[in-house]
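Below, each chain spelled out in residue letters.
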Amino acid sequence: MANDRIYNFSAGPSMLPLECLNQAGSEITNFGGSGMSVMEMSHRSKIYLSIFEETKENFKKVLNVPDNYSILFLQGGATLQFAMAPMNLMPRTGKADYAITGNFSTLSYKEAKKYGTCQVAASSEDKNHTYIPKQSDIKFDPEASYFYYCANNTIYGTEWKYTPDAGEVPLVCDMSSNILSKPVDVSKYGVIFAGAQKNMAPAGLTVVIVRNDLMGLEFPYTPVMMSYQKMAEKDSMHNTPPCYNIYILGLVLKWILKQGGVEAMAQLRDTRSNMLYDFLDNSKLFKCPVVPEDRSGMNAVFTTGDKELDTKFASDATKAGFSNLAGHRNVGGMRASIYNAMPVEGVSKLVAFMKDFEQNNS
Ligand SMILES: Cc1ncc(COP(=O)(O)O)c(C=O)c1O
């Protein structure tokens, strides 16, 4: 890594591949001989449309998105999807199922309740969201318009390792914090959405993948900007899309392809997360509260059990070049977010630092 860079363990916005940042830097005032920055291009221009199309095609390729799905590049963050999914899908039966496994699924559930009857089909609240409900623990309503879950719980450090089977009921999934980190069978889903700022691009872009037959069902009052069908008809260009973010996503997708695709990303995530969890499980000082089988490959949470020592750890770590390791304010402790762009050496160096800290503080 360039020696003026730190290992940034932020939960998001987070590290982007250095190669992509360097390329964006080299093209920032003159993209491809155009004499313009991508930031300065009309979104309707031929040159920008070629970036847009290539990015969409590469997204389809990287995640193996079937032809009967539309890929939308929207704004409003993942949070807008908390309202957009019910506004578009709820009218089918007026009911929806939610799995509550952390902060973001709770927020999404609260938002959706404005648009229909929402059932908590499963919850991990009884154990402070330290596990993921099993398929047999979920109370599916066969009449639900959709079943909603959050694939990776960024704050609590848990991840669904299986795709829930809701029968004919379409799955709506928030993949903000694990998209592009492993292969996904998109055909099992109705809607997948993700804010860009963890594994894809700067904040401001939200990627939504919608099965085409689920479009056109929205409430009549749904704003154009929030209608999957309208946005798909206009190829995400009803208004000016987040052009520069889409270009950065394009660079990141090319980087992923060069590394060997999402299969290679999955191997890297296993290497990084196993290294960290193996250390935590053998540590006398640090503990991970999450049950081993549901631990996230993207966000590892841990604690010393002593608030003051946790604070000292995060502060010493920052001085040593490992930033943003303090846990989320809702849960405390520490959290290391180890997304696609985190080099393996960043995690091995963090583990070495943790070993030293353990020796000096226990
Ligand atoms: C899983 C998950 N969903 C939703 C959000 C909210 O995303 P946004 O800030 O893009 O609205 C986040 C943000 O960290 C997240 O981690």
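Residues numbered from 1 in each chain as written. Predicted model: local features only at pLDDT ≥ 70, side-chain atom pairs only at ≥ 80, totals over all residues.

**Structural notes on the overall build of the protein chain**
On a plain count of helices and strands, the protein chain comes out with nine helices and 13 strands. Taking 2.2 N^0.38 as the reference for a compact globule, 362 residues should give roughly 21 Å; the C-alpha atoms of the protein chain span a radius of gyration of 21 Å, in line with that estimate. Counting only C-alpha atoms and orienting by the principal axes, one finds that the protein chain spans roughly 60 × 55 × 30 Å. Classification of the 362 residues of the protein chain by burial places 47% in the buried group. Nonlocal contacts in the protein chain, meaning residues at least 24 apart in sequence, comprise 68% of its contacts between residues at least 6 apart. (Helix = DSSP H or I, 4+ residues; strand = E, 2+ residues; numbered from the N terminus. Rg over C-alpha atoms; globule rule 2.2 N^0.38 Å. Buried ≥ 20, exposed ≤ 12 C-beta atoms within 10 Å, placed from the backbone. Contact = placed C-beta atoms within 7 Å.)

**Side note on the site of the ligand**
Close to the ligand lie G12, G77, A78, T79, F104, C150, T154, D174, S176, S177 and G195. Here the shell around the ligand gets three residues from one element, more than from any other, and that element is helix α3 (residues 77-89). (Near = placed C-beta within 6 Å.)

**Some thoughts on α3**
For α3, built from 13 residues, the straight-helix expectation of 18 Å at 1.5 Å per residue is met to within 8% by its first-to-last C-alpha distance of 19 Å. Within α3, the axis deviates most sharply at A83, by approximately 30°, and proline P86 lies no more than four positions further along. Those residues of α3 that sit buried are A78, Q81, F82, M84, A85, P86, M87, N88 and L89. (Expected span 1.5 Å × (residues − 1). Bend = angle between axes of the 7 residues up to and from the residue.)

**Regarding the packing of helix α6 (residues 243-259) against helix α7 (residues 261-282)**
When two helices pack together, their arrangement is given by the angle between the helix axes and the distance between those axes. Where α6 meets α7, the closest approach of the two axes is 7 Å, and the angle between their N-to-C directions is 75°. As summarised for this structure, α6 and α7 are arranged roughly perpendicular, according to the angle between their axes. Together, I256, L257 and Q259 of α6 and G261, V262, A264 and M265 of α7 make up the contact between the two elements. Here the residues of the contact of α6 with α7 are counted per class, giving five nonpolar, two polar and no charged. (Axes fitted to C-alpha atoms, helices over the stretch in contact; angles between N-to-C directions. Parallel < 35°, antiparallel > 145°, perpendicular 65-115°, else oblique. Nonpolar A, V, L, I, M, F, W, Y, C, P; charged D, E, K, R; others polar.)

**Regarding the environment of A151**
Mapped onto the fold, A151 is located in the loop between β5 (147-150) and β6 (152-153). Linking A151 and K230, residues 79 residues apart in sequence, is a C-alpha distance of 27 Å. Excluding anything up to four places from it in sequence, A151 contacts E159, W160, C173, D174, M175 and N178.

**Remarks on the nonpolar core**
It is characteristic of soluble globular proteins that their nonpolar side chains tend to be buried jointly. The biggest cluster of nonpolar side chains holds 108 residues, and the ones touching the most others in it are Y98, F147, Y148, V191, V207, L249 and V252. For this core, the leading source of residues is α6, giving 10 residues. When near neighbours in sequence (up to four residues on either side) are disregarded, F147 contacts D97, A121, F140, P164, A166, V169 and L171. (Core = buried A, V, L, I, M, F, W, Y, C linked by C-beta atoms within 7 Å.)

**Some remarks on the domain arrangement of the protein chain**
Under the domain assignment used here, the protein chain contains domain 1 (22-258) and domain 2 (261-361). With centres defined by C-alpha atoms, the gap from domain 1 to domain 2 works out at 27 Å. Taken together, the contact pairs 25 residues of domain 1 with 24 residues of domain 2. Listed by contribution, the elements that provide at least two residues to the side of domain 1 that touches domain 2 are β6, β7 (158-159) and α6. Of the residues that constitute the side of domain 1 that touches domain 2, the class distribution is 10 nonpolar, 11 polar and four charged. (Domains from an automatic or database assignment.)

**Some words on the sheet that holds strand β8 (residues 171-174)**
Reading across from one edge, β2-β10-β9-β8-β5-β3-β4 is the order of the seven strands in this open sheet, with mixed pairing throughout. Because the sheet does not close on itself, it has two edges, and the strands there are β2 (69-74) and β4 (117-123). Within this sheet the neighbouring strands show an average axis-to-axis angle of 20°, counted without direction. Along the sheet, helix α4 (residues 103-112) contacts β3 (95-100), β4, β5 and β8; its crossing angle with β3, the most-contacted strand, is approximately 160°. (Pairing = 2+ DSSP bridges.)

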